[in-house]
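Architecture at a glance
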Amino acid sequence: MTHALMISSFFSWLTTLGLAIAVWALARQIGLLHERIRPVGALSLGKSIKAGETAPRFTLPSLTGGSVNLGGASERGQSTLLFFLSETCPVCKTLLPVLRSVRGREGSRLRIVLASDGEAAAHEAFIAAQRLQDFPYLLSREVGLAYQISKLPYAVLIDAAGSVVTHGLVNTREHLESLFEAQALGVSSIQAWQASRQAAEHSLYQQVH
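The residue count restarts for each chain, going from 1 along the sequence in the order it is written. Predicted model: local features are reported for residues with pLDDT of at least 70 only, side-chain atom pairs are reported and counted for 80 or more only, and whole-chain, interface and lining totals are derived from all residues. Here the side-chain values reflect all heavy atoms present in the structure, with hydrogen atoms and water set aside.

1. Observations concerning the packing of helix H2 (residues 90–106) against helix H5 (residues 173–185)
- Axes, fitted as lines to C-alpha atoms, cover a helix only where it is in contact. Angles between the N-to-C directions of the axes lie from 0 to 180 degrees. For helices the rule is a DSSP run of H or I covering at least 4 residues; for strands it is a run of E covering at least 2, with both sets numbered from the N terminus onward. Between H2 and H5, the shortest axis-to-axis distance is 10 Å and the interhelical angle comes to 30°. One element, H2, and the other, H5, form an angle in the roughly parallel class. Note that H2 runs across H5; the crossing there is right-handed. In contact with Leu95, Val98, Leu99, Ser101, Val102 and Arg105 of H2, H5 contributes Arg173, Leu176, Glu177 and Phe180.
- Polar here means any residue other than Ala, Val, Leu, Ile, Met, Phe, Trp, Tyr, Cys and Pro, which are nonpolar, and Asp, Glu, Lys and Arg, which are charged; Gly is therefore polar. The residue inventory of the contact of H2 with H5, partitioned by class, reads six nonpolar, one polar and three charged. Roughly parallel covers angles under 35 degrees, roughly antiparallel covers those over 145, roughly perpendicular covers 65 to 115, and oblique covers all other angles. By convention, the crossing between two helices is left-handed when the near helix turns anticlockwise from the far helix through less than a right angle, and right-handed when the turn is clockwise. Between two residues, a contact is recorded if the distance between any of their heavy atoms is within 4.5 Å.

2. Re the pairing of strand S3 (residues 79–84)
- Note on classification: 1.4 Å probe, protein chains only; a residue is buried when its accessible area is under 20% of the maximum for its type, exposed when over 50%, partly exposed between these limits. In terms of burial, S3 is largely enclosed, as six of its six residues are buried.
- Side-chain alternation along S3 places Ser79, Leu81 and Phe83 on one buried face and Thr80, Leu82 and Phe84 on a second face that is also buried.
- Pairing of S3 with strand S4 (residues 110–116) involves six bridges; the strand directions are parallel. Considered in S4, the bridge of Phe83 is made with Leu114.
- When the strands point away from the viewer, a crossover counts as right-handed if the route from the first strand across the helix to the second turns clockwise. In terms of handedness, the path from S3 via H2 over to S4 forms a crossover that is right-handed.
- Sheet topology places S3 next to strand S6 (residues 154–158); five bridges connect them, and they run antiparallel. Looking at the pairing, Leu81 lines up with Leu157 of S6. Two strands qualify as a pair provided that DSSP identifies no fewer than 2 bridges between them.

3. Topic: the layout of surface pockets
- Here a cavity means grid points, on a 1 Å grid over the protein atoms only, where a 1.4 Å probe fits yet cannot get out; a pocket means an open set of points with protein on both sides within 12 Å along at least five of seven lines; lining residues are those with an atom within 4 Å of a point. Grid points are joined across faces, edges and corners, and a volume is the space filled by probe spheres set on the points. In this structure, the largest pocket occupies an estimated 520 Å³ of space.
- Lining the largest pocket we find 22 residues, and of these Asn69, Ser74, Glu75, Gln78 and Arg111 sit closest to its centre.
- Among the secondary structure elements, those contributing two or more residues to the lining of the largest pocket are strand S2 (67–70) and S4.
- The leading source of residues in the lining of the largest pocket is S2, at four residues.
- Each residue belonging to the lining of the largest pocket can be placed in one class, and the counts come to eight nonpolar, eight polar and six charged.
- Of the pockets and cavities examined, the second largest pocket occupies roughly 190 Å³.
- Every residue lining the second largest pocket is counted, 13 residues in all, and those nearest its centre are Phe84, Ser116, Asp117, Gly144 and Ile149.
- With three residues, helix H4 (residues 141–146) is the single largest residue contributor to the lining of the second largest pocket.
- By residue class, the composition of the lining of the second largest pocket is six nonpolar, four polar and three charged.

4. A look at the state of the cysteines
- A pair of cysteine sulfur atoms is labelled a disulfide when the two atoms are within 2.5 Å. Enumeration according to the criterion identifies one disulfide in this entry.
- Between the sulfur of Cys89 and that of Cys92 lies a disulfide, 2.5 Å long from S to S. Its S-S torsion of about 85° marks the bond between Cys89 and Cys92 as right-handed, since a negative value means left-handed. An identical accessibility class is assigned to Cys89 and Cys92; each is buried.

5. Considerations on the environment of Ala160
- Topologically, Ala160 is positioned in the loop between S6 and strand S7 (164–169).
- Each C-alpha atom, one on Ala160 and one on Gln78, is 4.9 Å from the other, the two residues being 82 residues apart in sequence.
- Excluding its chain neighbours within four sequence positions, the residues that come into contact with Ala160 are Gly72, Ala73, Ser74, Gly77, Gln78 and Ser79.

6. Some points on the sheet that holds S4
- Read from one edge of the open sheet, five strands run S5-S4-S3-S6-S7, paired in mixed fashion. Either end of the sheet is taken by a strand with one partner, and the two such strands are strand S5 (137–139) and S7. Going from strand to strand, the sheet's axes swing by 20° on average, the running direction of each strand aside.
- Each of S3, S4, S6 and S7 is contacted by H5, which is oriented at about 160° to S7, the strand it contacts most.

Below you can see the structure in the form of structure tokens.
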């Protein structure tokens, strides 16, 4: 009986070890897969405004009160996240809590300005329903045309000096965060940074081989 128990325990231990190895191998493969399909960041679609160029200047009334200055140096040293949305865009609505989270994290360093076009009454109802009264809210077709906005939601990050840092289509929190990552890396977009890194790796590979 004792011998049978020892054999059973041995096989049980082997099974556990095998499962542990299988889990480790699976986790490694998932990590490699994640690396291969890692998020590429917000996709830049606008063609008229390039990173590093001066942001177009506008002074416009806000639906939530007061007026908003876009472009030019910020008196408060703030960057501006210009977020284009629509009251009928479901993805835009899912990102509103993310915008609040980003604003809370960045504090006085960042101003978030919402922008759209259409009928004022529809947007006023949207502002009330989504409780957006504490965001500057522009209703201007001209601003969208200046950045050639064709798909939503779209975001433009402008630095305190009034220069466009980066911009792109933002469908997820990761896309939105990639704009700030690009700013921290000093690149026009995460795609540009990845492309330059891949080019450097390819060049190094050729030198070695």
